[in-house]
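Structural overview for review
Chain residues, written in single-letter form:
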Amino acid sequence: MGTGIRFARMVRLLLVVCTVAFPMQSIARDINVVAVHYAPLIIPDGSHRGWAIEVAREALRRAGLTHSVEVLPFNRSVKMVQRTTDTIYPALYRNPKRENKFTWIAKVQVVGNTFNTTNVPVNSLAQPRRLAKISVEAGTAMKDYLTAQGFTNLELAEREEVNARKLAAGRIDAWFLNDVLAARAWKRTVPDRELVSGAPMSSSDVYIVGGRDFPADLAERIRVSVESMHTDGSITQLLKRDR
C-alpha cells in the first residue's frame, strides 16, 4: 500500500473520530442573532441596536461566543430560529401557543400589558368590553391574550406606530400593548400629547430563544450570562437608556 493511500485513510479516520467525539452543533461557536425592527427593543442600524440586541450581544460576549446580527421580517426570523441550531431571537414573548416551538434560553424582562387611551384609564377587563374598537398588533401575544379573554371588538394593525396614530385621531378607543413599548411608540409618533396607561391586565415574560434543537450546553452558557447581567444591573441600565 502506498504512502499516499495510507495517509488519505488516516485523514478520513481522523475526521470520523472528530465528528463522533465533537458533533458540529457542539463545536460551532458563532451565533446568529436574528430579529425584526421593533424599537426600542431592536433597531436595525447605528451604534446602539436597541436594548434586546444589546442584552443578547453582552450575554454572548460573557459566554465566550462570537455572533452576527441580522434584521429580518418577523416570520422569517422565527422560521430561521426554528430551523437552525446556531440562531437566537433576542426578545420573544412566551405564551402557551409558542411553548413547544422553541428552546426558552433565558428570561430578560417581565412587562405589564395595558390598555392605553387618551383620556380615562382602563383598569379592568370589564371596561374595554364596552368600547367600540380596541386595536392590537396582529400576530402578537397581546392579540392572543385578548382573543383568549373573549374580546370580539378588536381591530388589527401591522405596526404599533399605526395604532398610536389611530388612537390619536380618535379612530379607536383603546390600544393594548405593554406599557414600555406603548410609551416609546407614542413618544415617537404623537410627541405633543399625553398617553394614559391603565393598570396591567396581564404580564408577559420576554425571553432569548433558540430552536428546539439549539445545543443545550450553549443555552446554559447564555442563561448563566443573562443571570449575571440581572445580578449586576446591566439589563436594568440598558432598559433605562431606551425609555
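It should be noted that the structure appears before, not after, this text.
Residues numbered from 1 in each chain as written. Predicted model: local features only at pLDDT ≥ 70, side-chain atom pairs only at ≥ 80, totals over all residues. Heavy atoms only, no water.

1. Remarks on the overall build of the protein chain
Quick reminder of the rule: Each helix corresponds to a stretch of at least 4 residues labelled H or I by DSSP, and each strand to a stretch of at least 2 residues labelled E; elements are numbered beginning at the N terminus. The rule is simple: take the accessible area with a 1.4 Å probe, protein chains only, and divide by the maximum for that residue type; under 20% is buried, over 50% is exposed, in between is partly exposed. Every residue pair with non-hydrogen atoms within 4.5 Å of one another is taken to be in contact. All accessible-area figures derive from a Shrake-Rupley calculation using a 1.4 Å probe, and residue coverage is judged against the displayed protein chains alone.
Secondary structure assignment for the protein chain yields 10 helices and nine strands. Per-residue burial over the protein chain gives 44% buried out of 243 residues. In the protein chain, the share of contacts with a sequence separation of at least 24, taken over all contacts with a separation of at least 6, comes to 72%. For the protein chain, the accessible surface area stands at approximately 12500 Å², while carbon and sulfur atoms represent 55% of it.

2. Points about the packing of helix α7 (residues 160–168) against helix α8 (residues 179–189)
What counts is decided by this rule: All axes are obtained by fitting lines to C-alpha atoms, using only the stretch in contact for helices, and the reported angles, taken between N-to-C directions, cover 0 to 180 degrees. Convention used here: angles under 35 degrees read as roughly parallel, angles over 145 as roughly antiparallel, angles from 65 to 115 as roughly perpendicular, and any remaining angle as oblique. Take the far helix as your reference; a near helix turned counterclockwise from it by less than a right angle gives a left-handed crossing, and one turned clockwise gives a right-handed crossing. All residues other than Ala, Val, Leu, Ile, Met, Phe, Trp, Tyr, Cys, Pro, Asp, Glu, Lys and Arg, Gly among them, are scored as polar; the first ten of these are nonpolar and the last four charged.
α8 packs onto α7 with a crossing angle of 65° between their chain directions and a minimal axis gap of 9 Å. Taken together, α7 and α8 sit at an angle that is classed as roughly perpendicular. The element α7 and its partner α8 pack so that their crossing is right-handed. Here α7 contributes Glu-160, Glu-161, Ala-164, Arg-165, Leu-167 and Ala-168 to the contact with α8, which in turn contributes Ala-185, Trp-186, Arg-188 and Thr-189. Residues that form the contact of α7 with α8 fall into these classes: five nonpolar, one polar and four charged.

3. Quick notes on the nonpolar core
So the rule is basically this: Think of a nonpolar core as a cluster: buried Ala, Val, Leu, Ile, Met, Phe, Trp, Tyr and Cys residues, connected wherever their side-chain atoms sit within 4.5 Å.
If you look at the biggest cluster of nonpolar residues, it comprises 52 residues, and the most contacted ones within it are Ile-88, Phe-115, Trp-175 and Ile-222. It is helix α3 (residues 51–62) that provides the largest number of residues to this core, a total of six residues.

4. Digging into the side chain of Glu-161
Summarising the element assignment, Glu-161 is placed in helix α7. On the accessibility criterion, Glu-161 (17% relative accessible area) is buried. Not counting residues within four places of it along the chain, the set of residues in contact with Glu-161 comprises Arg-188 and Thr-189.

5. As for the environment of Pro-121
Position of Pro-121 relative to the elements: it lies in the loop between β4 (103–117) and α5 (126–129). Along the backbone, Pro-121 and Ala-174 are 53 residues apart, and their C-alpha atoms lie at a distance of 9.5 Å.

6. Details of helix α9 (residues 216–232)
Our working rule: A helix is expected to reach a length of 1.5 Å times the quantity of its residues less one.
Spanning 17 residues, α9 covers 25 Å between terminal C-alpha atoms, matching the ideal 24 Å at 1.5 Å per step. Of the residues trailing α9, Gly-233 is marked for its positive phi of about 85°.

7. Comments concerning the pattern of salt bridges
Selection rule: Salt bridge criterion: a side-chain nitrogen from Lys or Arg within 4 Å of a carboxyl oxygen from Asp or Glu.
One pass over the full model with this rule turns up 12 salt bridges. Linking Arg-223 and Glu-220 is a salt bridge whose minimum nitrogen-to-oxygen distance equals 2.7 Å. Here Glu-220 and Arg-223 lie together in helix α9, a separation of three residues that amounts to about one turn. On the accessibility criterion, Arg-223 (33% relative accessible area) is partly exposed. Residue Glu-220 is classed as partly exposed on the basis of its relative accessible area of 38%. Sharing partners across several salt bridges, the network here consists of Glu-58, Arg-61, Arg-62 and Asp-232.

8. Focus: the pairing of strand β7 (residues 174–178)
Selection rule: At least two DSSP bridges between two strands are required for those strands to pair.
Buried residues dominate β7, accounting for five of its five residues. In this sheet, β7 lies alongside β4 in antiparallel orientation, the contact comprising four bridges. Paired with Phe-115 across the bridge in β7 is Phe-176. Across two bridges, the pairing between strand β5 (residues 134–137) and β7 is parallel. By the bridge assignment for β7, Ser-135 is matched with Trp-175.

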